[in-house]
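Fold and geometry: a report
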Amino acid sequence: MGSPADAERSIDLGLEKAVVLVTGGTKGVGAGIARVLAELGAVPVVCGRNRVADLDCEFVSCDVRDADAVDAMVAGVVETHGRLDGVVNNAGGSPFALAADASPRFASKIVELNLLAPLTVARAAHAVMRHQDGGGAIVNVSSVSGHRPSPGTSAYGAAKAGLDNAITSLAIEWAPRVRINSVVCGSVLTERAHLHFGDDAGVAAVGATIPMGRLAMPEDVGNAVAFLLSPLAGYITGSTLTVHGGGEKPAFLAAATAGNPM
């Protein structure tokens, strides 16, 4: 079977005309999420530092690390559309840097972008959602790096682990008006995949280590996000949904001499 991103969408997730803010939505995973939401009839509003060419969605410039800018962005979305139904905290990432070689400032910036900024956006969204009919839903795009060793991106992995822990508390604080969940992503094929995996051969080699036989596409993540935003997930909050194609085969299977066919 092909990717779910290739399938015709025939299920109504109840997202028609839902206004959804997607941070970091101009490229990569964020752009894939925005495309899925648009195909489902939602109204994605994407934010980033700079607009990109050929962007089909409404764009708002914002540095999500700036609390005042975040408050202004959320207020602007509500002023334009009258409500804010969903938020996808997707902005984030980290270059490869060994902990012994990276500066303390580098680690602080990575944690600020991947942990503190999503919490800032979630707080601003909650302030709106808790007062509107139907409440709202927030989905954080997290990573398997927060649930397994993350050499070369240790600050990033720690930040994502913190983000996934935070939803368990916020889900209790904000229920029942606002739901908050995480999508925990594995390796995703984006325009920046070569920075972590190398050339096409490297990407293919990494894909071969995944039980599903390939890296995720941005739309695979978008499908999971759309579900968690939708009324079908109306009783799901404080949860993590793992989208990693089955994860990574344990290293001992390749090292063992027992001859077991795996």
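Residues numbered from 1 in each chain as written. Predicted model: local features only at pLDDT ≥ 70, side-chain atom pairs only at ≥ 80, totals over all residues. Heavy atoms only, no water.

**Remarks on the pairing of strand β5 (residues 136–143)**
Under the convention used in this document: Partly exposed describes any residue whose relative accessible area lies between the buried limit of under 20% and the exposed limit of over 50%, with all areas from a 1.4 Å probe on protein chains only and scaled to the type maximum. Strands here are runs of E lasting at least two residues and helices are runs of H or I lasting at least four, both read from the DSSP assignment and numbered beginning at the N terminus. By the criterion used throughout, a crossover qualifies as right-handed when its path from the first strand across the helix to the second strand runs clockwise, the strands pointing away from the viewer. Any two strands with at least two DSSP-identified bridges between them are counted as paired.
With eight of eight residues buried, β5 is to be regarded as a mostly interior element. Every second residue of β5 is oriented toward a common face, with Gly136, Ile138, Asn140 and Ser142 on one face and Ala137, Val139, Val141 and Ser143 on the other, all of them buried. In terms of handedness, the path from strand β4 (residues 86–89) via helix α3 (residues 104–129) over to β5 forms a crossover that is right-handed. Of the pairings in the sheet, the one linking β5 to strand β6 (residues 178–185) comprises eight bridges and is parallel in character. Paired with glycine 136 across the strands is valine 178, a residue of β6.

**Focus on the packing of helix α2 (residues 67–81) against α3**
As a reminder, the rule being used: Interaxial angles span 0 to 180 degrees and are taken between N-to-C directions of axes, which are lines fitted to C-alpha atoms, for helices over the stretch in contact. Two helices crossing with the near one rotated counterclockwise from the far one by less than a right angle form a left-handed crossing, whereas a clockwise rotation gives a right-handed crossing. Here a residue-residue contact requires only that any non-hydrogen atoms of the pair lie within 4.5 Å. Each residue is assigned to one class: nonpolar for Ala, Val, Leu, Ile, Met, Phe, Trp, Tyr, Cys and Pro, charged for Asp, Glu, Lys and Arg, and polar for all the others, Gly among them.
Where α2 meets α3, the axes come as close as 9 Å, and the angle between the chain directions of the two elements is 35°. The handedness of the crossing between α2 and α3 comes out as right-handed. On the side of α2, the interface is formed by Ala67, Val70, Asp71, Val74 and Val78, while α3 contributes Thr120, Val121, Ala124 and Val128. Residue composition of the contact of α2 with α3, by class: seven nonpolar, one polar and one charged.

**Overview of the nonpolar core**
Keep this limit in mind: Take the buried Ala, Val, Leu, Ile, Met, Phe, Trp, Tyr and Cys residues and link them wherever side-chain atoms come within 4.5 Å; each set so joined is a nonpolar core.
Formed by 31 residues in total, the largest nonpolar core has its most connected members in Leu15, Ile33, Leu37, Val183 and Leu229. Only β1 (19–23), α1 (28–39), β5, β6 and α7 (218–229) provide two or more residues apiece to this core. Top element by residues in this core is α7. It accounts for six residues. If sequence neighbours within four positions are ignored, leucine 37 has contacts with Leu15, Val20, Val22, Ala42, Pro44, Ala226 and Leu229. Residues Leu21, Val70, Met73 and Val178 belong to the second largest nonpolar core, which totals 27 residues.

**Section: the environment of alanine 251**
When you line up the elements, alanine 251 lands in helix α8 (residues 251–255). Assessed through its relative accessible area of 66%, alanine 251 is described here as exposed. Sequence separation between alanine 251 and leucine 84 is 167 residues; the distance between their C-alpha atoms is 45 Å.

**Looking at the packing of α1 against α7**
Applied cut-off: Here the angle decides the label: under 35 degrees means roughly parallel, over 145 means roughly antiparallel, 65 to 115 means roughly perpendicular, and every other value means oblique.
Direction vectors running N to C along α1 and α7 enclose 55°, while the axes themselves pass 8 Å from each other. Taken together, α1 and α7 sit at an angle that is classed as oblique. Regarding α1 and α7, the two cross each other, and that crossing is right-handed. Of α7, the residues touching α1 (which contributes Gly28, Val29, Gly32, Ile33, Arg35, Val36 and Leu37) are Pro218, Glu219, Val221, Gly222, Asn223, Val225, Ala226 and Leu229.

Purely spatial values, then, with no claim about function.
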